[in-house]
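Structural features, examined
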Amino acid sequence: MRSAFEWVDALPSSIALRESLNAYPTLLTTHVVSMCLFAGLIAFWDMRLVGLTLRKVPVSNIPTRLFPWALTGYGINLITGGLLLYSQPMRYYDNFYFWAKMALMAVAGFNMLWFHYATYKSVQAWDQGREIPMSARLAGVVSLALWAGVVVTGRMMAYAGLMPEWWNNLNIGA
Ligand code: HEM
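Worth saying up front: this structure is predicted, and the values here are computed from it rather than measured.

Cut-offs used in this document
- Residues numbered from 1 in each chain as written.
- Predicted model: local features only at pLDDT ≥ 70, side-chain atom pairs only at ≥ 80, totals over all residues.
- Heavy atoms only, no water.
- 1 Å grid on protein atoms, 1.4 Å probe; cavity = no way out; pocket = protein on both sides within 12 Å on 5 of 7 lines; lining within 4 Å.
- Points joined across faces, edges and corners; volume = space filled by probe spheres on them.
- Nonpolar A, V, L, I, M, F, W, Y, C, P; charged D, E, K, R; others polar.
- Helix = DSSP H or I, 4+ residues; strand = E, 2+ residues; numbered from the N terminus.
- Axes fitted to C-alpha atoms, helices over the stretch in contact; angles between N-to-C directions.
- Parallel < 35°, antiparallel > 145°, perpendicular 65-115°, else oblique.
- Left-handed = near helix turned anticlockwise from the far one by under 90°.
- Contact = heavy atoms within 4.5 Å.
- Phe/Tyr/Trp six-rings, centres within 6.5 Å; stacked < 30°, edge-to-face > 60°.
- Buried < 20%, exposed > 50% of the residue type's maximum accessible area, 1.4 Å probe, protein only.

1. Focus on the layout of surface pockets
- As a volume, the largest pocket reaches approximately 660 Å³.
- For the largest pocket, the lining is made up of 27 residues, of which H31, L84, K101, G154 and M157 are closest to its centre.
- Grouping the amino acids of the lining of the largest pocket by side-chain chemistry returns 19 nonpolar, five polar and three charged.
- The calculated volume of the second largest pocket comes to roughly 400 Å³.
- Only α3 (23-50), α4 (62-87), α6 (96-117) and α8 (134-156) provide two or more residues apiece to the lining of the second largest pocket.
- Taken together, the residues of the lining of the second largest pocket sort by class into 13 nonpolar, four polar and one charged.

Written out as C-alpha cells, the structure reads:
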C-alpha cells in the first residue's frame, strides 16, 4: 500500500497539482460545497426514516426527488476528494483520520446497501403510514451517525498534530 502511495506522490501530474496555487483551495471548496448538497439531502432522507420530518410524504416519493441531486453531490464529492488525495498522497498515508473516514464511508455504504436490498423491499407496507419499522429507523439513525463521523474525520484530516497517541506509536509513516 505504501509503495502505491509513494508511486502516485512522484507522478508529474500529482506534483503539478500539489504545486499549483489555485488547485488545492478550488478542489477543497468544491469538495465541501458538494458535500453539503449530498450530506444535507441524505440527512433529510434519514430524518424522514427516523420520523423527524416530512412525515406526511410517502417514503417512496422521496428517492426520485432527492436522490438525483444527492448522487450528483456525491459524484462531485468523490472526484474532488480523490483529486485532493491524489495531490498529496503521502500527506494522508499516515493520517489516522483519513483511514477512519474511509472506513466510516465503507460502513455507511454497507448500511445503504442493506437498507436498499432488505428493509426497503417492504416499503409498500409502511409507505403511507406514520409508523416506520424499527429496522428502517435504525438504518436512518446509523446513517446519520456514520455520515456525521465522515464529516468530522474529514475536517480532522487537516490536523496532523492531533492524531491519537496510540496511532502515532504505530509509526506508520516511518
Ligand atoms: C473518495 C472519497 C473521499 C476522499 C478521497 C476525500 C479526501 C479528502 C481530502 C484529501 C481532504 C483534505 C483534508 C485536509 O484538509 O487536509 C478532505 C476534506 C474533507 N472531506 Fe473528504 N474525501 C472523500 C469523501 C468525503 C465525503 C463523502 C465527505 C462527507 C460527507 C467528506 C468530507 C470532508 C470534509 C468535511 C473535509 C474538510 C474540509 C475542510 O477542511 O474544510 N469527504 N477530503
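2. Looking at the packing of α6 against α8
- Interhelical geometry of α6 versus α8 gives an angle of 160° and a closest axis separation of 9 Å. As summarised for this structure, α6 and α8 are arranged roughly antiparallel, according to the angle between their axes. For the pair α6 and α8, the crossing hand works out as left-handed. Contact residues: Y97, A100, K101, L104, M105, V107, A108, N111, M112 and F115 in α6; A136, A139, V142, S143, L146, W147, G149, V150, T153, G154 and M156 in α8.
- Per-class residue counts for the contact of α6 with α8 are 15 nonpolar, five polar and one charged.

3. Points about the packing of aromatic side chains
- Applying the stated criterion across every chain, the model contains 15 aromatic pairs.
- Between Y92 and F98 the ring centres are 6.3 Å apart and the planes differ by 40°, which places this aromatic pair in the tilted class.
- Between F96 and Y97 the ring centres are 5.0 Å apart and the planes differ by 80°, which places this aromatic pair in the edge-to-face class.
- Judged by relative accessible area, F96 falls into the buried class, the value being 19%.
- For Y97, a relative accessible area of 13% puts it in the buried group.
- Of the aromatic side chains, those joined through ring pairs into one cluster are F5, Y92, Y93, F98 and W99.

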